Amino acid sequence: MAFHDHLSHTQRILLAIFCFPLLPFYLCALCYARSHEKQEEGNPAELAHVEAGKTVETQKHSSFTGFQSDGNESDRSQQPRGNGLPGQPVQMQPDEQAPVITSYTNEGTHVTVEVHPRNTTPQLFKKFSLGKGVCKLPSLTGLDNKGFQENRKSRMPLPGGKDLHAYPWDKSSLKSMTLDLQQFEKLDAYASKVSVKNSIEELVKALLREARTDLEKVRAVWMWICHHIEYDVVGFHNKAQRSCEPKDVLRTGKSVCAGYAGLFQQMCSVAGVQCMTLSGYSKGYSYRPGQSFTEGCNHAWNTVYLDGRWHLLDSTWGSGSVDDSCSKFTFQYNEFYFLTHPALFINNHFPENSNWQLLKPALTLKEFESNMSYKAHFYKLGMLAAHPGTSIIQTVNGKATISIESRTPLLFTFSLQGTKEHGLMTLKKNGMRLEIYPQKTGNHKLQVFAKPCKGSEDLYNCVLECIIECNSVDKSMHFPKDLYQPVGPSWFTERKGFLRPSHPDPIIHTNDGRCSITFTLGKDISVLPSLQWDNTSLTEDMRRRHIMQIHRGNQIEFKIHLPHAGKFVLQIYTKKKSDPGNYNYIFNYLISCPNTEVKWPVFPQNYSNWAEGYEILEPLAGLLPANRNVQFKLKMHSIAKAFVEAENTSPLTLSKDGYWEGTCNTSSCTEVRVMVQENANHNFYSNILKYKVDTQ
């Protein structure tokens, strides 16, 4: 007995209703899978929509235009030495794609199946629950892309539901798939030097001599474009002088973003790799943190299908950068934008179709606009996150604070409206902390730069950019012009030999104008401190004499007596003891004293024979009162005799506890010297200290 004989009349009707619409679905899938092998590569794929009770309609993909610039032509990755590449209205190119066959039931469920070429097995692509009633094809344009003004007939296949979950990010990889870049070294060297330009087919054929897998094919295409196509700065400013047709881009060797993406797609098509051109908004050339993307899309990039998933890349930004006026292009290869992890790619690329973020949940356009503008080097250098993560940061009581977390120690600096003023940056073992105190209300552009600790001085790269919105000014936090960033001790100063600081904070507050800072020296170094402050005509020697340096074994102490109230910078320089060269700057402190009654004199002047390990206990002031008996107490080693020379000579005697002590009268003299005899067998003495006598 046939199966349908067991069914009631009602059940037979329902079976017909459910099964009849699926007949065209299976016929179409079968016919297409068999005929697709005969199509030439590069032909447009077909999209078939099958609705219950309706006939099958097919239409070809078509080239389409209509992407409008946002007015900024913003499309570059900003770097300190050059700017990224601006975009242009995007012209999409057709490519061989797997058709998407859509079927509906009267229960309101829509199932999309992707039919792969070359006899691959059809698979479930995505499922939407539409509810009961009239079934409508869901819009492929993201709800948060209201500025998109493209008029197109064809639709791009969406990434599968698995793609939205297939990119776990443990913050240890910048790529959307596991890559060993060292395995590409031979291929990269070959692909970047291929010079065939007769046709796209001939070029791809030459590239495929060293590329076998789909990944290698994509890598070869990427490497060739990034090293042979320059950004068309003339065409960027004059649309009439540019072409984005792949054959024209190959012939001229230049284009804007749409040309890069179109050529990439065409070359992948010839190579037999599924590739699509995507469009959307970018935080690149002329982008300003916090700006709104209210007009049409301004950039184009690509997505490729590898190992069952879609992956993102941008050959325009991978090729190099332009200057601030977009008048000169410089080839500057950037590996970051090859198969970039979607969680990172979204920082500066927002597709007009939010499904192509390859993220779940997807960001809204508003979130994209408000997020911090991270640069490629932020992740290249191992940074993980910045706080706050917004593009506009408001001050609270005149202060804004930004911090960065990183995997490894890095060196940082910053620029606020083009200067390093009005900020206090401190290094952490895993990042940095920056306090900003703008001295004017309004909006201020903040850029943070970083480099590896072993990098040369001129290799700082911009890692993030934001706007500091200041509503009130804290005038009390005006910093001296000689305050260098970063401030205070850190992992870097430890590497330079300054261990276990008594003051780990960058600011030292003192109310009586005195402070003492100690370190353990981990290296055999000579140290030179210097005190700097604004509005003074004192010589460098007099500035240094407000600091007394004391050595006790491997301990070093800096006694500081400030000349008056204010903000001061303690700068510390070092060199190897065996090195006859100059001292090198290491770090500095900010010392703050609000007490206007403070007025400390300089310490006594010491001469070259003042040995390391000597110490003054009294008198500490370099200016002695007149007509007084002054008590001296010094700690000195390896000497035979010591005395104080004024109007008369007064000997110093060595006490049981190891101090040289004595008294000197300051009447009838203008200066007092301390002298020592290092060897009892010698008759000459050396000056080690000099005091002035107050004549007023």
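That block above? That's the structure.
The sections below set out a description of the structure shown in this document.

Cut-offs used in this document
Think of each chain on its own: its residues are numbered from 1, step by step along the sequence as written. Owing to the predicted nature of the model, reporting of local features is limited to residues with pLDDT of at least 70; listing and counting of side-chain atom pairs is limited to 80 or more, with chain, interface and lining totals taken over all residues. Neither water nor hydrogens contribute to the side-chain values; these are computed over all heavy atoms in the structure. Note on pairing: DSSP must find at least two bridges between two strands before they are called paired. Strands here are runs of E lasting at least two residues and helices are runs of H or I lasting at least four, both read from the DSSP assignment and numbered beginning at the N terminus. A fitted line through C-alpha atoms serves as each axis, taken over the contacting stretch for helices, and the angle formed by two N-to-C directions is quoted from 0 to 180°. We call two residues contacting when some pair of their heavy atoms lies within 4.5 Å. Stacked, tilted and edge-to-face are the three classes applied to pairs of Phe, Tyr and Trp rings, where Trp contributes its six-membered ring and a pair requires centres within 6.5 Å; stacked means planes under 30 degrees apart, edge-to-face means over 60, and tilted covers the rest. Residue burial is assigned from relative accessible area. The probe radius is 1.4 Å, only protein chains are included, and a residue is buried under 20% of its type maximum, exposed over 50%, and partly exposed in between.

On to the sheet that holds strand β13 (residues 349-351). What holds strands together in a sheet is hydrogen bonding between their backbones, with the strands either parallel or antiparallel. Across the sheet, which stays open at both edges, the four strands sit in the order β10-β9-β8-β13 with antiparallel pairing between neighbours. Looking at which strands have only one partner, the edges of the open sheet turn out to be β10 (309-313) and β13. Direction aside, neighbouring strands of the sheet carry axes that sit 45 degrees apart on average. Each of β9 (299-306) and β10 is contacted by helix α5 (residues 214-228), which is oriented at about 155 degrees to β9, the strand it contacts most. Where helix α8 (residues 257-271) meets the sheet, it contacts β8 (275-282), β9 and β10, and its direction lies at approximately 20 degrees from that of β9.

A full pass over the atoms with the stated rule returns 30 aromatic pairs. Their ring planes at 85 degrees and their centres at 5.3 Å tell us that Trp 317 and Tyr 337 sit as a pair that is edge-to-face. With a gap of 20 residues between them, Trp 317 in helix α9 (residues 315-319) and Tyr 337 in the loop between β12 (329-331) and α10 (342-345) connect regions that are remote in the sequence. Among the residues examined, Tyr 337 registers a relative accessible area of 0% and is labelled buried. Both rings, one in Phe 350 and one in Phe 368, keep their centres 5.2 Å apart while their planes meet at 40 degrees; by these two values the pair is tilted.

Turning to the sheet that holds strand β20 (residues 431-436), a few remarks are in order. Strand order in this open sheet of four strands is β15-β17-β20-β19, and the pairing throughout is antiparallel. Looking at strand neighbours, the two that pair on one side only are β15 (383-387) and β19 (423-428), the edges of this open sheet. For this sheet, the mean angle separating the axes of adjacent strands, direction not counted, is 10 degrees. Both β19 and β20 contribute to a ladder of six bridges, which runs antiparallel. Directly across from Met 425, in β20, lies its bridge partner Leu 434.

Attention now moves to the pairing of β9. Within β9, eight of the eight residues are buried, which leaves it mostly tucked inside the rest of the structure. Residues His 299, Trp 301, Thr 303 and Tyr 305 of β9 are buried on one face, and the alternating residues Ala 300, Asn 302, Val 304 and Leu 306, pointing to the opposite face, are buried as well. Across six bridges, the pairing between β8 and β9 is antiparallel. Paired with Thr 277 across the bridge in β9 is Asn 302. Alignment of β9 against β10, held across five bridges, turns out to be antiparallel. By the bridge assignment, Thr 303 is partnered in β10 with Leu 312. Count of turn residues in the β9/β10 antiparallel hairpin: two residues, of which Asp 307 carries a positive phi of about 50 degrees.

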